[in-house]
Amino acid sequence: MTATSTADEPMALAAARLRTAGMRVTAPRMAMLTAVHESPGHLDADTLRERARRITGRLSLQAAYNVLRALTDAGLVRCTQIPGHPARYEIERHDNHHHFVCRACGAIRDVECTVGAAPCMEPLLPDEYDTQEAAVTFWGLCPDCRGATTAP
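Predicted model, so just to flag it, every value in this text is computed and none were measured.

### Regarding the overall build of the protein
Here's step 1: In terms of helices and strands, the protein carries five helices and six strands.
Here's step 2: Beginning at the N terminus, the succession of helices and strands in the protein can be written as α-α-β-α-α-β-β-β-β-β-α.
Here's step 3: Expressed as a percentage of the 152 residues in the protein, the buried residues total 34%.
Here's step 4: Taking all contacts inside the protein whose residues are at least 6 apart in sequence as the whole, residues at least 24 apart take part in 44%.
Here's step 5: Accessible surface computed for the protein: about 9,600 Å², of which carbon and sulfur atoms make up 52%.

Here it is as structure tokens:
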């Protein structure tokens, strides 16, 4: 396999994901989907735009937001809105996980569903409501920040 085919593989996978979702395949969509897929953790739109720009060469912040909204609406990307933080994005795994947010450094970590399958909680609603997902945010200190606060 050549270096070129290796470099093109993530874009080809992104194009296939877009087609499977019934979306038009465009360079910004492929680049942004690749950036989200290859990113560790939960990144904001501007950080993802910078990563996608390395692939496309150009991508405005507004275009990045438009692409992220389209990818989220198509079920390819998950957008997490945490109070006091910019929207964060990750590949949608349809696993209904939750998040832990460090109050000191802002790091975000996935937390598996707390009880059983989605929505993993039983809301007190009349039976005619169809609850499909629960979004829980746990707040506290990550190990690094917790260690820093207890150090002499």
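### Quick word on the nonpolar core
Here's step 1: Counting residues in each nonpolar core, the largest one holds 24 residues, and the members touching the most others are Met32, Leu48 and Leu71.
Here's step 2: At the level of elements, helix 1 (3-20), helix 2 (27-38), helix 3 (45-56) and helix 4 (61-73) are the ones that each hand at least two residues to this core.
Here's step 3: At six residues, helix 2 tops the list of elements feeding residues into this core.

### Overview of the pattern of salt bridges
Here's step 1: This model, assessed by the stated rule, comprises five salt bridges.
Here's step 2: Between Arg49 and Asp46 there is a salt bridge whose closest N-O contact spans 3.1 Å. With Arg49 and Asp46 both in helix 3 and three residues apart, this pair spans about one turn of that helix.
Here's step 3: Residue Arg49 is joined to Glu50 by a salt bridge in which the shortest nitrogen-to-oxygen separation is 3.2 Å.
Here's step 4: Here the salt bridges do not stand alone but share partners, grouping Asp46, Arg49, Glu50 and Arg53 into one network.

### Let's talk about the side chain of His99
Here's step 1: Mapped onto the elements, His99 comes out in strand 4 (residues 98-102).
Here's step 2: Separated by 3.5 Å, the side chains of His99 and Asp110 make a polar contact.
Here's step 3: In contact with His99, other than residues within four places in its own chain, are His42, Arg78, Thr80, Glu90, Ile108, Arg109, Asp110, Val111, Val136, Thr137 and Phe138.

### Re the sheet that holds strand 2 (residues 77-80)
Here's step 1: Overall, antiparallel pairing links the three strands, which are arranged 1-3-2 in an open sheet. Only two strands of the sheet have a single neighbouring strand rather than two, namely strand 1 (43-44) and strand 2.

### A look at the sheet that holds strand 5 (residues 108-111)
Here's step 1: Taken together, three strands build an open sheet; the order of strands is 5-4-6 and the sheet is mixed. The sheet terminates laterally at strand 5 and strand 6 (137-140), the two strands that pair on one side only. Recorded for the sheet is a direction-independent mean angle of 25° between the axes of neighbouring strands.
Here's step 2: Sheet topology note: the strand 4/strand 5 ladder contains four bridges and is antiparallel. Across the sheet, His99 pairs through a bridge with Asp110, a residue of strand 5.

Parameters at a glance
- Residues numbered from 1 in each chain as written.
- Predicted model: local features only at pLDDT ≥ 70, side-chain atom pairs only at ≥ 80, totals over all residues.
- Heavy atoms only, no water.
- Helix = DSSP H or I, 4+ residues; strand = E, 2+ residues; numbered from the N terminus.
- Buried < 20%, exposed > 50% of the residue type's maximum accessible area, 1.4 Å probe, protein only.
- Contact = heavy atoms within 4.5 Å.
- Areas by Shrake-Rupley, 256 points an atom, 1.4 Å probe, with all protein chains shown as cover.
- Core = buried A, V, L, I, M, F, W, Y, C linked by side-chain atoms within 4.5 Å.
- Salt bridge = Lys/Arg side-chain N within 4 Å of Asp/Glu carboxyl O.
- Polar contact = N/O pair within 3.5 Å; in protein donor to acceptor, adjacent residues only side chain to side chain.
- Pairing = 2+ DSSP bridges.
- Axes fitted to C-alpha atoms, helices over the stretch in contact; angles between N-to-C directions.

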